[in-house]
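# Close look at the chain arrangement
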Amino acid sequence: MFKLRMILILPLFLWSGCLSPDPGGKAQEMGIEVKRRTKQESRAPKALDPKILMARSFGESPMLSERVAQGNLPPVAERLPENPLVVVPIDTIGVYGGSLRRALTGDIVQTAGVNKTLSENLMGLERPLPNRVVLNLAEHYEYQDAGRVAIFKIRKGIKWSDGHPFGVDDILFWYHDIEMNENARNSPLPPSVWLVDGEPIGIEKVDDYTLKVFSPKPLGRVLFALSLDTVAYPKHVLSQYHPKYNANATYEAFRDSTTSAQLIMKPGIPRLSAWVPVEWIRGQRLVYARNPYYWKVDSAGNQLPYADRLVFNVIQDPQVILLKFVNGELDLFGRYAQIDMFPTLQSEERRGKFELRITGPERGPAFYLNWDTPKPALREAFRNKAVRVALSQAITREEINQIVYHGLLEPSGYAFARSSPYFSDALYKKYSAYDPHLAKELLDNAGYRDSDGDGFREFKDGSRFELNLDVTPGARVSICELVADHWREVGVKVNLNIGLRDMIWPRRNNGEFDVHTWSLEGPADPLGRLNDWAIMGPNVPFWHRNAFTEGPDWLHEATDLIMKVLTTVDEKEVFGYMMRVHELHSENVPVIVVGFPYHVWGASTRLGNVPYQNSASSVHRGWSRPVYHEQIYIKQ
């Protein structure tokens, strides 16, 4: 019987120094100040003075000092761990006070926006650019037994936001009692990042502050897996709702109490984040107040965060979010920034209320061809490499760049991003040149010709070569309209199916589409969303749900190589495997990619310590986490 492979697996970051290219030339051509993309040199101390740590002479927010003076809170020296994480601010030591103001288009349906901002894990991705994995809740780790065992030491003295000690038991509660308990978790399958050959990775307690992770194969992905959202829940609070610890509890009630929204938004559930929820008005607003037990300090010894509050206003329309940002009612704008907003942002910037940032390139628009579309004739066409190459080379990418992206798109084919350690310029450009004559020739030779002279080719069964293109409203529609015109010019009829995400996304997940357009998920880290790149289990990748039994040899080869990467800690071997994976994907062009755009976002000029650089990639928890909210301050 086939054991379920890992549906989503995240590997160890194996590189450093893989910065995105500085688009200074492009910026100058567009009249955009290059300084936004230059590296920031911090004026803050580069390290914490050991005397501060020895004397435990930390600074804290005045609002917390008042609570200490009133006897309602222990002194800051007692609230911080023995070895707090030291954060060197992006620019300078900040000041305390004020609120950071952001927006979400929804609360319950937009938990990712909050999670990416607030969640903490044992490890973390370097910020603002995710060049490497760094220590976070853990202060030390080491591999043993050729990478089959990883030992993590947690910072001693970290506390939950209610003052209760945090330790390994909280991690084991999350892992054994929830994620690996089919009755307790809120998903049908366990998180496959913690599966090897269908079996759970071992996690056990060495002592209160030492965690052992082990597997029959090397843990090539564990550091990156421990850099994402969370691997711990407050056992001292949530165990009362769990049937294992309370005979009167039910799993149904436990699941209802531990949804993603409840855990991240409901006041009263302790957290390890910089701010904790204190107000949740459904569909209107989320208010987070500073965590008095937050375990990070700046390089001058001041407890973070600087801002007293983090406020998310629920605003369903991204255009209204844009309006409120340019009017100075919101401080940060990036999660919902779209390229068609760029002219407005560039024009309004001169008022001085905000400053634009342009980073990248990453996450380009992609057209996912359904290799298992319910239409047999179209399915046969999509599985023909010549057809896929023709569709790719029929696109005028530079036209899309100028019309939709205002010159902020790097035309490319289906390839890994420049920020990837496996980047190849030749593969980046493969099948991306506009060549309609070649496209027509390829389609002709593949047996798809216009026999009746109506301007459209026919499938081999005599029906018209026609497809439906699923797209959500916004800038993607403009891209799809242009691509539809390009494909019509070579004899392929395209019908746009424009619908809300709630309609389009289920069609994608259920394999009910012809072509689905979205941003290319995970291009900066090709191992970050393997469900979209490899045969990691039944019904994946979503564009070829039958790949396990019907997939081409090249995709099976790429999958086997990726499986080796995930259980390899030898960097040279990993590099060789991934370069071959890159070649296989780019040569066979299973997905049609337009290019990699620069990401436009902005920050209020009333804020300090906002980075110039960023990563918008979801696998890097972008756009939110790279902004490094806890070290941003409001200028006085």
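In case you missed it, the structure is sitting above this.
These lines cover the structure that appears in this document, whether it is placed above or below. Just so you know, the residues in each chain are numbered from 1, in the order the chain's sequence is written. Local features are withheld for residues below a pLDDT of 70 in this predicted model, meaning they are given only at 70 or higher, and side-chain atom pairs are given and counted only at 80 or more; totals for whole chains, interfaces and linings count all residues. Side-chain descriptors were evaluated using all non-hydrogen atoms of the structure, hydrogens and water having been removed beforehand.

Helix and strand definitions follow DSSP, with helices as H or I runs of at least four residues and strands as E runs of at least two, each counted in order from the N terminus. Relative to the assigned elements, N181 resides in the loop between α6 (168-179) and β7 (195-196). Non-local contacts of N181, meaning those with residues more than four positions away in its chain, are made with H176, H242 and Y251. Note on contacts: a residue pair qualifies if any of its non-hydrogen atoms lie within 4.5 Å across the two residues.

Any two strands between which DSSP finds at least two bridges are classified as paired. The 4 strands lie next to each other as β5-β6-β10-β9, forming an open sheet whose pairing is antiparallel. Each edge of the open sheet carries a strand with a single partner, namely β5 (138-144) and β9 (202-207). Mean inter-strand twist for the sheet, computed between neighbouring axes without regard to direction, equals 20°. Pairing of β5 with strand β6 (residues 149-154), which is carried by 6 bridges, proceeds in the antiparallel orientation. Each bridged residue has a counterpart across the sheet, and for E142 the counterpart in β6 is I151. Axis definition: a line fitted to C-alpha atoms, limited for helices to the stretch in contact. Angles are taken between N-to-C directions and run from 0 to 180 degrees.

For L228, the location among the structural elements is in the loop between α7 (222-225) and α8 (235-238). Judged by relative accessible area, L228 falls into the buried class, the value being 13%. With 392 residues separating them in the primary sequence, L228 and H620 have C-alpha atoms 8.1 Å apart. Remark: exposure states derive from per-residue accessible area (1.4 Å probe, protein chains only) relative to the maximum for the residue type, with buried under 20%, exposed over 50%, and partly exposed in between.

The description of an aromatic ring pair rests on the distance of the ring centres and on the angle between the ring planes. Planes of paired rings set the category: under 30 degrees apart is stacked, over 60 is edge-to-face and the rest tilted, where pairs are Phe, Tyr or Trp rings (Trp by its six-membered ring) whose centres lie within 6.5 Å. Under the defined criterion, the tally for this structure stands at 28 aromatic pairs. A ring pair is formed by W160 and F166, whose centres lie 5.7 Å apart and whose planes are at 80°; its orientation type is edge-to-face. Judged by its relative accessible area of 2%, F166 is buried. Between F173 and Y245, the aromatic rings sit 6.1 Å apart at their centres with planes inclined by 55°, giving tilted as the arrangement. Placement of F173 in helix α6 and of Y245 in the loop between α8 and α9 (251-257) is noted, with a sequence separation of 72 residues between them. By relative accessible area, which is 35% here, Y245 ends up partly exposed. Among the aromatic side chains, those forming a connected cluster through ring pairs are Y414, F416, Y422, W533 and F575. Note on criteria: charge over ring means Lys NZ or Arg CZ within 6 Å of the ring centre, with the direction from the centre no more than 35 degrees off the ring normal. One Lys or Arg, R508, reaches over the ring of Y368 and ends 5.7 Å from the middle of that ring.

In this description, a nonpolar core means a group of buried Ala, Val, Leu, Ile, Met, Phe, Trp, Tyr and Cys residues linked to one another through side-chain atoms lying within 4.5 Å. Ranked by internal contacts, the top residues of the largest apolar core, which has 177 residues, are L122, F152, W194, Y288, L345, F367 and W487. Dropping the residues within four chain positions of it, L345 is found in contact with L322, F325, V326, F333, F354, L356 and V600.

Okay, the packing of helix α14 (residues 385-393) against helix α17 (residues 436-445) next. Relative orientation of the contacting elements α14 and α17 amounts to 160°, with a least axis distance of 8 Å. Taken together, the axis directions place α14 and α17 in an arrangement best described as roughly antiparallel. Here α14 runs over α17; the crossing is left-handed. Between α14, through A386, V387, V389, A390 and Q393, and α17, the contact on the second element is made entirely by P436, L438, A439, L442 and L443. Should an angle lie under 35 degrees it is considered roughly parallel, over 145 roughly antiparallel, and from 65 to 115 roughly perpendicular; all remaining angles are considered oblique. Left-handed describes a crossing in which the near helix is turned anticlockwise from the far one by less than a right angle; the clockwise case is right-handed.

Turning next to the pairing of strand β17 (residues 365-369). With 5 of 5 residues buried, β17 lies mostly within the body of the structure. A two-sided burial pattern is seen for β17, the buried positions comprising P365, F367 and L369 on one face and A366 and Y368 on the other. Bridge count between β17 and strand β21 (residues 515-519): 5 bridges; the pairing is antiparallel. Residue pairing across strands places Y368 opposite H516, the latter belonging to β21. Bridge count for β17 against strand β22 (residues 591-593) is 3 bridges, and the pairing is antiparallel. Counted as the bridge partner of A366 is V593 from β22.

A pairing counts as a salt bridge when a side-chain nitrogen of Lys or Arg comes within 4 Å of a carboxyl oxygen of Asp or Glu. Scanning all chains against the criterion turns up 36 salt bridges. Among the ionic pairs, E466 bridges to R464, the shortest N-O distance being 3.3 Å.

With an omega dihedral of 5°, the bond running from G360 to P361 counts as a cis peptide bond. Note that P361 resides in the loop between β16 (354-359) and β17. Of the consecutive residues V540 and P541, the connecting peptide bond is found in the cis state with omega at 5°. As for its placement among the helices and strands, P541 is situated in the loop between β21 and α20 (547-550). Despite not being glycine, Y431 shows a phi value in the positive range, around 60°.

Honestly, that's just the spatial picture; any functional story needs more than this.
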